[in-house]
There are 2 protein chains.
Amino acid sequence: MTSNSSHKDSCSCNVIHQDRVDRVKSKMPNEEKLYDLADLFKVFGDTTRIKIICALFEAEMCVCDIAVTLGMSQSAISHQLRVLKSARLVKYRRDGKIVYYSLDDEHVKNIFDQGFSHISHI
Amino acid sequence: MTSNSSHKDSCSCNVIHQDRVDRVKSKMPNEEKLYDLADLFKVFGDTTRIKIICALFEAEMCVCDIAVTLGMSQSAISHQLRVLKSARLVKYRRDGKIVYYSLDDEHVKNIFDQGFSHISHI
DNA sequence: TGAACACATGAACAATAATTCATATGTTCA
DNA sequence: TGAACATATGAATTATTGTTCATGTGTTCA
């Protein structure tokens, strides 16, 4: 009744390396943290949002600027900015009727650079 | 007929900062690269794959090991390993009927660390 | 050789997410 | 105040993706 070989339900094979499994299991970050990490990367996993972030690397921009730069509708951009905002990746300031967005994170640039390194690596 | 104000189709607003738009546009990485980057992050945007990668940080593992560690079916793991493989994030070696997977990238660890930093940042 | 095993994979189904469309909110200015 | 504008947002639609189920492939060993 221990966690030794009661895995038949989830995996048809016998446990090959129980010691390794146990060790890795004990070293894994907790479930919630991994879930949050996946959620963060999910935000980066869309071309529109990638483009928005890349644009904001260069300059603070209003929603309309971004829409024109990307050749997309204001609504689509606004929806995606909402996602970026709730992931705390961008911040905004209001100036009259115009809302300016800018990056709000010191890690994104590094993450993107590492990402670019990976995809450029033959 | 220049690119000045012919954007009415994609964005209902007038161009607010044409200079900024032009400058940012010229500095944006090319479309294909951005698409590839999004594809890479899409791979990280799933809890199962995140868990697999975290497990492989600790040790080389066979498919069954991973399945047991994560409490998931062999098939589900195998499908996801395929995704990780085609993103060149994991490599494998065959030893008899057992296939061992391990990480095949020097950037992932950094990307994950930056990601963890972001989500831990209050 | 053939049974057993570890793994891979195609198809189907379920769940999630991106864009569009219509419209609402909040600000400016005449 | 009310018209015009920049942005936000809910609902619907379409597209994408993860898991399961059934089965195929490749290896070992009796």
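Residues numbered from 1 in each chain as written. Chains lettered and ligands numbered in written order. Predicted model: local features only at pLDDT ≥ 70, side-chain atom pairs only at ≥ 80, totals over all residues. Heavy atoms only, no water.

Caption draft 1: Main features of helix α1 (residues 18-27) of chain A. Where α1 of chain A is concerned, the buried positions are Gln 18, Val 21 and Val 24 of chain A. What you see down the axis of α1 of chain A is that its buried residues fit within an arc of 135°, all on one side. Those residues of α1 of chain A that are exposed and angled more than 90 degrees off the buried face are Asp 19, Ser 26 and Lys 27 of chain A. The secondary structure elements touched by the buried residues of α1 of chain A are α3 (47-58), β1 (61-62) and α4 (63-70) of chain B. (Buried < 20%, exposed > 50% of the residue type's maximum accessible area, 1.4 Å probe, protein only. Helix = DSSP H or I, 4+ residues; strand = E, 2+ residues; numbered from the N terminus. Arc of directions from axis to C-beta. Contact = heavy atoms within 4.5 Å.)

Caption draft 2: Structural detail: the protein's contact with DNA strand D. Around DNA strand D sit 27 residues in total, of which Ser 75 and Tyr 101 of chain A together with Thr 48, Arg 49 and Gln 80 of chain B are the nearest. Counting only atoms of DNA strand D within 4 Å of the protein, the sugar-phosphate share comes to 65%. A distance of 3.2 Å separates a phosphate oxygen of DNA strand D from a polar backbone atom of Val 63 of chain A. Contributions of two or more residues to the surface near DNA strand D are made by α4 (63-70), α5 (74-86) and β3 (98-103) of chain A together with α3 and α5 (74-86) of chain B. Among the elements that take part in the surface near DNA strand D, α5 of chain A stands out by supplying five residues, more than any other. Taken together, the residues of the surface near DNA strand D break down into ten nonpolar, eleven polar and six charged. (Near = heavy atom within 4 Å. Polar contact = N/O pair within 3.5 Å; in protein donor to acceptor, adjacent residues only side chain to side chain. Nonpolar A, V, L, I, M, F, W, Y, C, P; charged D, E, K, R; others polar.)

Caption draft 3: Representation of the relation of the copies chain B and chain A within the structure. Relative to chain A, chain B is turned by 180° and slid 0.0 Å along the rotation axis, the superposed coordinates differing by an RMSD of 0.0 Å. The superposition operator between the copies reduces to a two-fold rotation axis. The fraction of interface residues of chain B whose copies in chain A are also interface residues reaches 100%, indicating that both copies meet through the same surface. (Least-squares fit on C-alpha atoms with pLDDT ≥ 70 in both.)

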